[in-house]
There are 2 protein chains.
Amino acid sequence: MNAEIIAVGTELLLGDTINTNAAFLSQELASLGINVYRHTVVGDNMTRLKSAYSEAFARCDLVITTGGLGPTADDITKEAAAAYFGLDMELDDNSLANIAAFFARIGQKMTENNRKQAIFPTGAKILDNFAGTAPGCIIEANGKICILLPGPPGEMKAMYSHHISDFLAQFSTGILFSRTLHMVGIGESAMEQRVADILAEQSNPTVAPYATGRPGETILRISAKAADQAAARALIDPVANLLYQRLGDYIYGEDDATLAGTVVELLKQRGLTLAIAESITGGQLAGAIVDVPGASAVFNEGVVTYSNEAKTRSLGVLPDTLRKYGAVSPQVAEEMAAGAAKTAGANIAISTTGIAGPDGGTAQKPVGLTYIGLWFNGRCQAKELRLFGNRQRIRQRAVSHALDMIRKELSNI
Amino acid sequence: MNAEIIAVGTELLLGDTINTNAAFLSQELASLGINVYRHTVVGDNMTRLKSAYSEAFARCDLVITTGGLGPTADDITKEAAAAYFGLDMELDDNSLANIAAFFARIGQKMTENNRKQAIFPTGAKILDNFAGTAPGCIIEANGKICILLPGPPGEMKAMYSHHISDFLAQFSTGILFSRTLHMVGIGESAMEQRVADILAEQSNPTVAPYATGRPGETILRISAKAADQAAARALIDPVANLLYQRLGDYIYGEDDATLAGTVVELLKQRGLTLAIAESITGGQLAGAIVDVPGASAVFNEGVVTYSNEAKTRSLGVLPDTLRKYGAVSPQVAEEMAAGAAKTAGANIAISTTGIAGPDGGTAQKPVGLTYIGLWFNGRCQAKELRLFGNRQRIRQRAVSHALDMIRKELSNI
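Residues numbered from 1 in each chain as written. Chains lettered and ligands numbered in written order. Predicted model: local features only at pLDDT ≥ 70, side-chain atom pairs only at ≥ 80, totals over all residues. Heavy atoms only, no water.

### As for the overall build of chain A
Okay, step 1: A count of helical and extended segments in chain A gives 15 helices and 17 strands.
Okay, step 2: Reported as C-alpha extents along the three principal axes, the dimensions of chain A are approximately 80 × 55 × 40 Å.
Okay, step 3: In chain A, buried positions account for 54% of the 413 residues.
Okay, step 4: A separation of at least 24 residues holds for 68% of the contacts in chain A among residues at least 6 apart in sequence.
Okay, step 5: If you sum the accessible surface of chain A, you get close to 16,500 Å²; carbon and sulfur atoms cover 50% of it. (Helix = DSSP H or I, 4+ residues; strand = E, 2+ residues; numbered from the N terminus. Buried < 20%, exposed > 50% of the residue type's maximum accessible area, 1.4 Å probe, protein only. Contact = heavy atoms within 4.5 Å. Areas by Shrake-Rupley, 256 points an atom, 1.4 Å probe, with all protein chains shown as cover.)

### What about the pairing of strand 2 (residues 35-42) of chain A?
Okay, step 1: Taken across its eight residues, strand 2 of chain A has six buried, putting it largely inside the fold.
Okay, step 2: Relative to strand 2 (residues 35-42) of chain B, strand 2 of chain A runs antiparallel, the two sharing five bridges. Note that in strand 2 of chain B the partner of arginine 38 of chain A across the bridge is valine 42 of chain B. (Pairing = 2+ DSSP bridges.)

### Remarks on the packing of helix 12 (residues 308-315) of chain B against helix 14 (residues 330-344) of chain B
Residue and element names in this part refer to chain B.
Okay, step 1: In the contact formed by helix 12 and helix 14, the axes pass within 9 Å of each other and the chain directions differ by 40°. Here helix 12 is positioned oblique relative to helix 14, judged by the angle of their axes. When helix 12 is examined against helix 14, the residues Lys311, Ser314 and Leu315 are found in contact with a partner set consisting of Val332, Glu335, Met336, Gly339, Ala340 and Thr343.
Okay, step 2: Across the contact of helix 12 with helix 14, the residue classes break down as four nonpolar, three polar and two charged. (Axes fitted to C-alpha atoms, helices over the stretch in contact; angles between N-to-C directions. Parallel < 35°, antiparallel > 145°, perpendicular 65-115°, else oblique. Nonpolar A, V, L, I, M, F, W, Y, C, P; charged D, E, K, R; others polar.)

### With respect to empty space enclosed by the protein
Okay, step 1: Taken as a whole and judged by the stated rule, the model has one cavity of 30 Å³ or more.
Okay, step 2: In this structure, the largest cavity encloses a volume near 140 Å³.
Okay, step 3: Elements supplying a minimum of two residues to the lining of the largest cavity: helix 2 (20-31) and strand 2 of chain A together with helix 2 (20-31) and strand 2 of chain B.
Okay, step 4: Taken together, the residues that form the lining of the largest cavity break down as 10 nonpolar, eight polar and no charged. (1 Å grid on protein atoms, 1.4 Å probe; cavity = no way out; pocket = protein on both sides within 12 Å on 5 of 7 lines; lining within 4 Å. Points joined across faces, edges and corners; volume = space filled by probe spheres on them.)

### Here's the deal with the packing of aromatic side chains
Okay, step 1: Taken as a whole and judged by the stated rule, the model has 16 aromatic pairs over all chains.
Okay, step 2: Note on phenylalanine 167 of chain A and phenylalanine 171 of chain A: the rings are 5.9 Å apart at their centroids and 70° apart in plane angle, and the pair reads as edge-to-face.
Okay, step 3: The class for phenylalanine 171 of chain A is partly exposed, based on a relative accessible area of 21%.
Okay, step 4: For the ring pair tyrosine 306 of chain A and phenylalanine 299 of chain B, a centre distance of 5.9 Å and an interplane angle of 45° mean the geometry is tilted. Remark: phenylalanine 299 of chain B occurs in strand 14 (residues 299-305) and tyrosine 306 of chain A occurs in the loop between strand 14 (299-305) and helix 12 (308-315); the pair is interchain, linking two chains.
Okay, step 5: Since its relative accessible area comes to 17%, tyrosine 306 of chain A is described here as buried.
Okay, step 6: Across from the ring centre of tyrosine 37 of chain A, 4.0 Å away, lies the NZ or CZ of arginine 48 of chain B, which sits over that ring. (Phe/Tyr/Trp six-rings, centres within 6.5 Å; stacked < 30°, edge-to-face > 60°. Lys NZ or Arg CZ within 6 Å of the ring centre and 35° of its normal.)

### As for the environment of isoleucine 350 of chain B
Residues and elements named next belong to chain B.
Okay, step 1: Position of isoleucine 350 among the secondary structure elements: in strand 15 (residues 348-354).
Okay, step 2: For isoleucine 350, a relative accessible area of 0% gives the class buried.
Okay, step 3: Considered as a pair, isoleucine 350 and leucine 199 are 151 residues apart in the sequence and their alpha carbons are 36 Å apart.
Okay, step 4: When sequence neighbours within four positions are dropped, the list of residues in contact with isoleucine 350 reads Leu274, Ala275, Ile276, Ala277, Leu285, Ile372, Gly373, Leu374, Ala402, Met405 and Ile406.

### Remarks on the side chain of arginine 395 of chain A
Okay, step 1: Take arginine 395 of chain A: it is sitting in helix 15 (residues 391-411).
Okay, step 2: Residues contacting arginine 395 of chain A, with those up to four places away along its chain left out, are Ile280, Thr281, Gly282, Gln284 and Ala356 of chain A together with Gly287, Val290 and Asp291 of chain B.

### Here's the deal with the interface of chain A and chain B
Okay, step 1: Facing 69 residues of chain A, the contacting portion of chain B comprises 64 residues.
Okay, step 2: Summing both partners gives a buried area of about 5,600 Å² for chain A against chain B, and 51% of it is carried by carbon and sulfur.
Okay, step 3: Three residues, Leu13, Arg38 and Tyr306 of chain A, lead the burial of chain A against chain B; their summed loss comes to 10% of the area buried on that side.
Okay, step 4: At the boundary of chain A and chain B, one finds 10 salt bridges.
Okay, step 5: Taken together, chain A and chain B are joined by 36 residue pairs in polar contact (both at pLDDT 80 or more).
Okay, step 6: Taken together, the residues of the side of chain A that touches chain B break down into 30 nonpolar, 25 polar and 14 charged. (Buried area = accessible area lost by both parts, 1.4 Å probe. Salt bridge = Lys/Arg side-chain N within 4 Å of Asp/Glu carboxyl O. Polar contact = N/O pair within 3.5 Å; in protein donor to acceptor, adjacent residues only side chain to side chain.)

### Concerning the sheet that holds strand 1 (residues 2-8) of chain A
Okay, step 1: Spatially, 6(A)-7(A)-8(A)-3(A)-1(A)-2(A)-2(B)-1(B)-3(B)-8(B)-7(B)-6(B) is the arrangement adopted by the 12 strands of the open sheet, whose pairing is mixed. Looking along the sheet, the strands with just one partner apiece sit at the ends: strand 6 (125-127) of chain A together with strand 6 (125-127) of chain B. Averaged over neighbouring strand pairs, the angle between their axes works out to 15° when direction is ignored.
Okay, step 2: As judged from the three bridges shared by strand 6 of chain A and strand 7 (residues 136-141) of chain A, these two strands associate in the antiparallel manner. When the bridges of strand 7 of chain A are listed, lysine 125 of chain A appears paired with isoleucine 138 of chain A.
Okay, step 3: Of the strands in this sheet, strand 1 (2-8), strand 3 (62-66), strand 7 (136-141) and strand 8 (144-149) of chain B are in contact with helix 4 (residues 77-85) of chain B, which crosses strand 8 of chain B at around 170°.

### Some remarks on unusual backbone geometry
Okay, step 1: Following glycine 357 of chain A, the chain continues into proline 358 of chain A via a peptide bond in cis, with omega recorded as 0°.
Okay, step 2: With respect to the element layout, proline 358 of chain A can be found in the loop between strand 15 (348-354) and strand 16 (369-376).
Okay, step 3: For asparagine 142 of chain A, which is not a glycine, the phi torsion comes out positive at approximately 50°.
Okay, step 4: Secondary-structure assignment places asparagine 142 of chain A in the loop between strand 7 and strand 8 (144-149).
Okay, step 5: Backbone geometry places asparagine 377 of chain B, a non-glycine residue, at a positive phi of 55°.

### Observations concerning the sheet that holds strand 15 of chain A
Okay, step 1: Taking strand neighbours across the sheet as the criterion, the 10 strands line up as 17(A)-16(A)-15(A)-13(A)-14(A)-14(B)-13(B)-15(B)-16(B)-17(B) in an open arrangement whose pairing is mixed. Looking along the sheet, the strands with just one partner apiece sit at the ends: strand 17 (379-386) of chain A together with strand 17 (379-386) of chain B. Taking the axes of each pair of neighbouring strands and ignoring which way they run, one obtains an average angle of 15° across the sheet.
Okay, step 2: Note that strand 13 (residues 274-278) of chain B and strand 14 of chain B share five bridges and pair parallel.

### Quick look at the pattern of salt bridges
Okay, step 1: Taken as a whole and assessed by the stated rule, the structure comprises 35 salt bridges over all chains.
Okay, step 2: Notably, a salt bridge pairs lysine 408 of chain A with aspartate 404 of chain A, separated by 3.0 Å at the nearest N-O pair. Highlighted residues: lysine 408 of chain A and aspartate 404 of chain A, both in helix 15, separated by four residues, approximately one helical turn.
Okay, step 3: Salt bridges here are not isolated pairs; linked through shared partners, they connect Glu4, Arg38 and Arg59 of chain A together with Glu55 of chain B.

### A look at helix 14 of chain B
Owing to its 3.6 residues per turn, the α-helix aligns residues three or four sequence positions apart on the same side.
All names here are of chain B.
Okay, step 1: Taking 1.5 Å of rise per residue, 15 residues should cover 21 Å, and helix 14 covers 21 Å from first to last C-alpha, within 8% of that figure.
Okay, step 2: Taken as a whole, helix 14 has its buried residues at Val332, Ala333, Met336, Ala337, Gly339, Ala340, Ala341 and Ala344.
Okay, step 3: Where helix 14 ends, the next residue or the one after it, glycine 345, has phi of about 60°, a positive value. (Expected span 1.5 Å × (residues − 1).)

### Concerning the packing of helix 3 (residues 46-59) of chain B against helix 4 of chain B
Residue and element names in this part refer to chain B.
Okay, step 1: Between helix 3 and helix 4, the least distance of the axes is 9 Å, while the angle of their chain directions is 55°. The angle between helix 3 and helix 4 places the two elements in the oblique class. Like other packed secondary-structure pairs, helix 3 and helix 4 cross with a definite hand, here right-handed. Between helix 3 and helix 4, the residues in contact are Met46, Leu49, Lys50, Tyr53, Ser54 and Phe57 and Thr77, Glu79, Ala80, Ala81, Ala83, Tyr84 and Phe85, respectively.
Okay, step 2: When grouped by side-chain class, the residues that make up the contact of helix 3 with helix 4 number nine nonpolar, two polar and two charged. (Left-handed = near helix turned anticlockwise from the far one by under 90°.)

Everything listed here is a matter of geometry and, on its own, says nothing about what the molecule does.
Below is the structure:
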């Protein structure tokens, strides 16, 4: 089966939004063995959107659209699809009740234009939206399939996995299956150099590095085409084993694994609790841990001590240590971690102190200089990092390194 | 002048690369007043790429392509353009010398297939690549303009600013200038209903809502086409004033403003320091504040108290209050804020407590129920929220609401 993806929205044509939805859907369709031959972006314009439908269906059997399902007059993706297929639009009482219930639940008044979100082309299969108000739908007519999904990526992804993934599986003729190895603590070029010979064998499976949105992390994906998942795994596994031999120390998990999730899992397995004391990362490290469902089993307490005074008062960092070595020093990092462990009564504690910039750097202590402190079983250690990038990226990299330091400590016990 | 952007590359259709080039070029063209009506992505396939050229030029006068200029047999963007325009391909000696010099500079051997990068459609204006090896080109034929740029974003952007920006300025009939209003505390549909009449006047300037990547926030953009920026401002400002009359309470800033940046600025102006006590947001609220350069002037200390025990020990929340009302209650939110202010000796304190899910909800206290506590000048208040979405989005929304509660409190003094 051949497919095309149409993203609808003038904000995309003005360059104000990047079309990440097309990439997500393309990966999903590729994994089902459905070929995607074109992505199109058109604005919120009836004539141009109708043309886009006609052109796409002249080339393929499946079109997935994203965007234009909202409550405003601009939102015409359903209307244009109905016009293309020659269908009427009708109100779906069930969707209207869902939308009303949604507004009741969040304690807000439902406005009249939200009704529009409950009107669909006749005969369409309606798809609940678990993450927002605009339902999607599937239209099957004239031997073609048109799937309409919302534009916000969170809503689109939730709807895809709840409704579309299984629906499309029936059209899959073979699959593209992947294993994704997540690494931390090694740069992309250093990683590639270690496995250049394996990467060069671009047959089946292929091995390729992928961009990761997470600073400090790298990804390798091994993908095989095969009749089914078992056959694909048989092709992939020997190559994965080779990669583990070369890169095993850096690989923290596979596929949907996150570094914070891996750390929470290790803590759970070992029955340990974690305390966090943050300066440079300013709450982001605790934020990453708390993003993991069930984190409360291993994380009770964190503290963000941005000033020297707070480091002393909340964590017991000695004024002498601060005076002698400065707040950005291995000594302060260690005292912060020790203080956090003591205050929270935790088994293991991690701390961060550094200079995120853009101001505050000196020749001795440049922007990016960061120390991670780790306290475990009464023993303190500190790691020095020289991070690069802007303020946000330096802080994100510090979070990755801190999580990795916990991971390494716990992997060894 | 109307334009379309064609991105060429099978990696885009597999979803392995996100098409950020189209967004960059669209913003640049919009700023020149050149309309972009469509983005297309096609694979490295001669037939499909030739069709894409034909279809695009049937609709517009300018096509910009990205990708497919490299040395491999896959790279056929120039060849397909030559075929579409009916032009021959010929070697450009100057480009060949440049490519050879590039390889000499980086100390690598030039391979035979790199010669391909020096072959262009006859009559094309060749564009040096300052950031890589593949030159681009401009073809002007049959009253149409086709600009071929490389795929790697760094090379594409460098080539655009060196060669294309000035070239396209001659076709600019004016500029598109915008003011972007950032709002918080009002949903998109409620916001639109308040200004539906203004939005409906889709002339010059236009007013349109935009998707924001920040849960809990909404955006309205006012864009005008005019000869220059002053003329555009004269068109935009009266409309902006109207919008401020209707939505002023919700607008926290314009253009590059962020909610956290606005809060830090307000604190600085008033000479106040902030303390933060987080449960549901688990460090993310402090993280948002610390992301603002210079946040250390107003933020000294935050605490993440995930367990009841930590709430009592670090913030002095009474065990009785926790027992009687539960951790997710206005009473606990208020005691957390008061405790944080006292501990840190801060002028204003904010707290969050709630149920982020996916587990932990009950009929009385469902997932999403959140209380924000605010302590200021010895007075406590708590706000109840019923948030929706997954764990991450509930927490991000709680951060937005907490920041907005500080903003509102400080705006009134």
